[in-house]
Amino acid sequence: MFLRAELQPCKISRFFSIEATKQAFNNQQGYSPITQQLLRLLNKCITIKQVQQIHTQMLIYSIDKANYLLSKIIDLKHFNYATLLFSHIHSPNEYAFNILIRGLTTTWQKFDLSLELYYKMKSLGLKTDNFTYPFVFMCCGNLLAVELGKLAHCEVVKNGLFVDFHVGHSLITMYSRIGKMGFARKMFDEMSQRDLVSWNSMISGYAQTGCSREAVGLFIEMRNEGFEPDERTLVSVLGACGDLGDVSLGKRVEEYVVEKRMELNSFMGSALINMYGKCGDLVSARRIFDGMKKKDVITWNAMISGYAQNGLSDETISLFNAMKETGVNLNNITLVSVLSACASIGALDVGKCIDDYASRRGIKHDIYVATALIDMYAKCGNLDDAYQIFESMPRKNEVSWNAMISALAFHGRAQEALSLFERMSLESSDSRPDDVTFVGVLSACVHAGLVDEGRCLFDLMSSSFGLVPKVEHYSCMVDLLSRAGRVYEAWEFIEKMPQKPDEILLGALLGACQKLKNIDVGERVMQLLLEMEPSNSGNYIISSKIYANLRRWDDSARMRQLMRQKGVTKIPGCSWIEMDSQLVEFRAGSSSHPIADEIHQALDLLYEEMAIEGYVPNVNLV
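Residues numbered from 1 in each chain as written. Predicted model: local features only at pLDDT ≥ 70, side-chain atom pairs only at ≥ 80, totals over all residues. Heavy atoms only, no water.

Per an unreviewed UniProt entry, the recorded name for the protein chain is Pentatricopeptide repeat-containing protein At2g34400-like, and the organism is Nicotiana tabacum.

The following block contains the structure:
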C-alpha cells in the first residue's frame, strides 16, 4: 500500500523542485557579487545551521532573498524554520506560496495547512497556476475532500490549465483516491498524451477501489498500446488478479518479471505471494517466498496471511514460529493472521503467547489486534478473557462490537448479547450496528429460542437502521423458526425471500425436518439441496435418515444408492487438541495415533460412567 500511495506524489514533487531550482539559478544573473556568492553557497548547504549562517549574512548586507532561503529550508525539511520565515515575508508572491504549498503537501504531508495556504493565496488576489494545483489536488485526495477538489477542478478548466500534463495527471490521482473512478476515467480518456504514470494511476485506482476487472482490462489495453509496465503497474495488477482469482494472468505477470529480470523485492515478492494465496495456489506462493533472498515483515506477513486465509492453521503457526526465530519484528498484521489461525483450531496456548507478546510491545490495544484476541479467546472457550479485553479497549469499532456480540451468542449467553447490542445502539458514537451485528444478535436468539425477539430484530434492521436483510439474516430466521418446530413458517419465509436460498439456509431447515419427521417440507428442501450441492454427502445422509425415521426403507435406501451412483463419499470427521504445546489431529475411524489405545481405554471408562448414570444411546438415526 505504501508503494501505491507514495510513488506518484514524490515524482511530481521532484519535477517541481527541479523547475524551481532552475528558475532560481537563472534569476541570479545581474545580482551583485556578494549576492551571487551567497546564493551559490546557499545552494550547497546540507544542514540547517549552514542555512542560518547564510541567512545571517543576508540580513547583515540587507539582501532580501527570502524565496531562495524558503526553498532550501523546505528541501532540508525544517518545518518550524520554514513557516516562521514565510510569516515574516512582507508581501509573499506566487512563487513563495507555491513552494510552501509543495513543502506542506509532500515534505510534511500537512494537507489541511496546505489547503489553508491555497485559500489565503486566492484571497490575496495572487494567481494560482500549474505549480499550485497538482499539490491542491493531492491534498484533496488525501483528505477525501470531494467538494473542494471539484471546485479546484472548475478553476483549472476556467483558467485553461487543463491541458497541462501534470495538472491533468494530479486530477486523475485525486479522483482515484476518493473513489470517483468515473471522473478519473473521463479525465484519463480526455488526456491528449499519456505516459506510464497516467496508466499506473488509473490501474492502481481501479485496483484499490475494488474495480479489479477494470484494472485488468486497462492493463491489457496499456500493453496493446505498447507501454512497458513497471513495478508499480505489476503490483496493482497482481492485486486485481488475486481479487478475481485469475491465477492464469498472475502467472503471466510472474513470467514477465522473470523475463525482464526485475528485482524480486519486498513489494513485488509480497504481491506475488498475496496473489497466489488469494487464488488458493499455496505451493506457488511458498515457492516465491522460499526463493526470496531478503524477507522483511511484509513478505512474512503475505505468506502467513495466505496460509491463514486458506484455513491451513498448522502451517500458519509453524511459519509464525519460524519468523520469530529469524528475528524479524512482528507487527499487528502478523498477530492478527496468527490469532485467526489459533481461533480456527483452538490453539489457546499459542494465542496466550501472542497476547503476552502484544502486551510487551504495547500493541495489545491496537484495535485490530484486540479484536482478533477477542475472537480467539471466544472461540477457544475463554469468554471471560475475551470480555475483559473488549472492556479495556480505549476505542472500539463495528468489528470489535460485532466480535463480542457474536462471541456471547456463540456461547449461548443470549441476553448478554442482546444487552450489548442495545448498548452499542445507544452508547457508541463511533460505531453503528451493521449487517454483521444483526447476524450476531439473531444467532443469539436462535441459541436461546427467542422467536419473538428475533422477529422484532429482523424487522428493526430495515425500519430503524436502513439495512436490507441478506441471506445470512434469512438463514438465522429460518433456523430460529425451524428449531421452534415451525417448519411451515420457515418454508413460507424462504418463499418470500428476495434472494435465492443458499445451502446453509436449506441445510438448517432440512435438519429441522429430520428432527420433526416432517417429510412434506423435507422433500421440497431435499430437491433444492440436491440440485445445488450434488457432491455434498451430508444432504444424502440426512435425506436418507428422514425417510428411515418414517420407516420408508425403500426411499432411504434409494438416497444411499443415489449417493453411491454419483460417486459421493463422506469425508471423515476430524478434530484437534493441544498436547504439550503441539497440535494433534484425530480423524474418525483412524487408529494410527501413537496413543490410540490409551484414548480408547479412557473412552471406555467414560462410557461405563455414563451407563451407571442411566445413559441409553439413541440408535434411531443409525
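**Q** Let's hear about the overall build of the protein chain: which residues, and what values?
**A** A count of helical and extended segments in the protein chain gives 34 helices and two strands. If you line up the protein chain on its principal axes, its C-alpha atoms span 110 × 55 × 55 Å. Looking at the protein chain as a whole, 46% of its 622 residues are labelled buried. Taking all contacts inside the protein chain whose residues are at least 6 apart in sequence as the whole, residues at least 24 apart take part in 61%. When the accessible surface of the protein chain is summed, it comes to about 32200 Å², and 52% of that surface belongs to carbon and sulfur atoms. (Helix = DSSP H or I, 4+ residues; strand = E, 2+ residues; numbered from the N terminus. Buried < 20%, exposed > 50% of the residue type's maximum accessible area, 1.4 Å probe, protein only. Contact = heavy atoms within 4.5 Å. Areas by Shrake-Rupley, 256 points an atom, 1.4 Å probe, with all protein chains shown as cover.)

**Q** Residue-level account of helix 10 (residues 165-177), with values.
**A** If you check helix 10, its first and last C-alpha atoms are 19 Å apart, about what 13 residues at 1.5 Å a residue would give, namely 18 Å. Every buried residue of helix 10 is listed here: Phe165, Val167, Gly168, His169, Ser170, Leu171, Ile172, Thr173, Met174, Tyr175 and Ser176. Capping the start of helix 10 is the job of one residue whose side-chain oxygen sits 3.0 Å from the backbone nitrogen of histidine 166: aspartate 164. Phi turns positive, to about 80°, at glycine 179, one or two residues after helix 10. (Expected span 1.5 Å × (residues − 1). Polar contact = N/O pair within 3.5 Å; in protein donor to acceptor, adjacent residues only side chain to side chain.)

**Q** Can you tell me about helix 11 (residues 181-190), naming the residues and giving the values?
**A** All buried positions along helix 11 are accounted for by Met181, Ala184, Met187 and Phe188. Within helix 11, the buried residues cover an arc of 120° as seen down the axis, which keeps them to one side. (Arc of directions from axis to C-beta.)

**Q** Which residues make up the packing of aromatic side chains, and what values go with them?
**A** Considering all chains together, one arrives at 17 aromatic pairs under this definition. Geometrically, the ring pair formed by phenylalanine 79 and tryptophan 108 is edge-to-face, given 5.3 Å between the ring centres and 75° between the ring planes. Of this pair, phenylalanine 79 sits in helix 5 (residues 79-87) while tryptophan 108 sits in the loop between helix 6 (94-107) and helix 7 (111-123), and the two are 29 residues apart along the sequence. Judged by relative accessible area, which is 22%, phenylalanine 79 ranks as partly exposed. Exposure remark for tryptophan 108: the relative accessible area of 17% places this residue in the buried category. Put simply, the rings of Tyr118, Tyr119, Tyr133 and Phe137 pair up and form one aromatic cluster. (Phe/Tyr/Trp six-rings, centres within 6.5 Å; stacked < 30°, edge-to-face > 60°.)

**Q** Describe the nonpolar core, and please don't skip the residues or the numbers.
**A** Among the nonpolar cores identified, the biggest contains 182 residues, and Leu42, Leu70, Met376, Met404 and Leu509 are the most heavily contacted of them. Per element, the largest residue contribution to this core is nine residues, and it comes from helix 22 (residues 367-379). Each residue touching leucine 509, except ones within four places of it in the same chain, is listed here: Val478, Ser482, Val487, Ala490, Trp491, Ile494, Val521 and Val525. (Core = buried A, V, L, I, M, F, W, Y, C linked by side-chain atoms within 4.5 Å.)

**Q** Quick one: what's the story with unusual backbone geometry, residue by residue and with numbers?
**A** Phi at glutamine 109 takes a positive value of approximately 55°, unusual for a residue other than glycine. Note that glutamine 109 resides in the loop between helix 6 and helix 7. The exposure class assigned to glutamine 109 is partly exposed, which follows from its relative accessible area of 40%. Phi at arginine 261 is positive, roughly 55°, even though this residue is not glycine. Turning to its location among the elements, arginine 261 is positioned in the loop between helix 15 (247-259) and helix 16 (266-278).

**Q** Describe the domain arrangement of the protein chain, and please don't skip the residues or the numbers.
**A** Split into domains, the protein chain comes out as domain 1 (34-90), domain 2 (91-193), domain 3 (310-395) and domain 4 (574-609). Inter-centroid distance (C-alpha atoms) of domain 1 to domain 2 is 27 Å. Listed as interface residues are 12 residues of domain 1 and, on the opposing side, 16 residues of domain 2. Of the roughly 1200 Å² buried at the junction of domain 1 and domain 2 (both faces included), carbon and sulfur atoms supply 73%. Viewed at the interface, domain 2 and domain 1 are joined by zero salt bridges. (Domains from an automatic or database assignment. Buried area = accessible area lost by both parts, 1.4 Å probe. Salt bridge = Lys/Arg side-chain N within 4 Å of Asp/Glu carboxyl O.)

**Q** If you had to explain the packing of helix 23 (residues 383-392) against helix 24 (residues 398-410) to someone new, which residues and values would you point to?
**A** The contact between helix 23 and helix 24 brings their axes to 11 Å, and the two run at 155°. One finds that helix 23 runs roughly antiparallel with respect to helix 24. Crossing hand, helix 23 versus helix 24: left-handed. Taken together, the residues of helix 24 that come into contact with helix 23 (itself represented by Leu383, Ala386, Tyr387 and Phe390) are Ser400, Trp401, Met404, Ala407 and Leu408. Broken down by class, the residue content of the contact of helix 23 with helix 24 amounts to eight nonpolar, one polar and no charged. (Axes fitted to C-alpha atoms, helices over the stretch in contact; angles between N-to-C directions. Parallel < 35°, antiparallel > 145°, perpendicular 65-115°, else oblique. Left-handed = near helix turned anticlockwise from the far one by under 90°. Nonpolar A, V, L, I, M, F, W, Y, C, P; charged D, E, K, R; others polar.)

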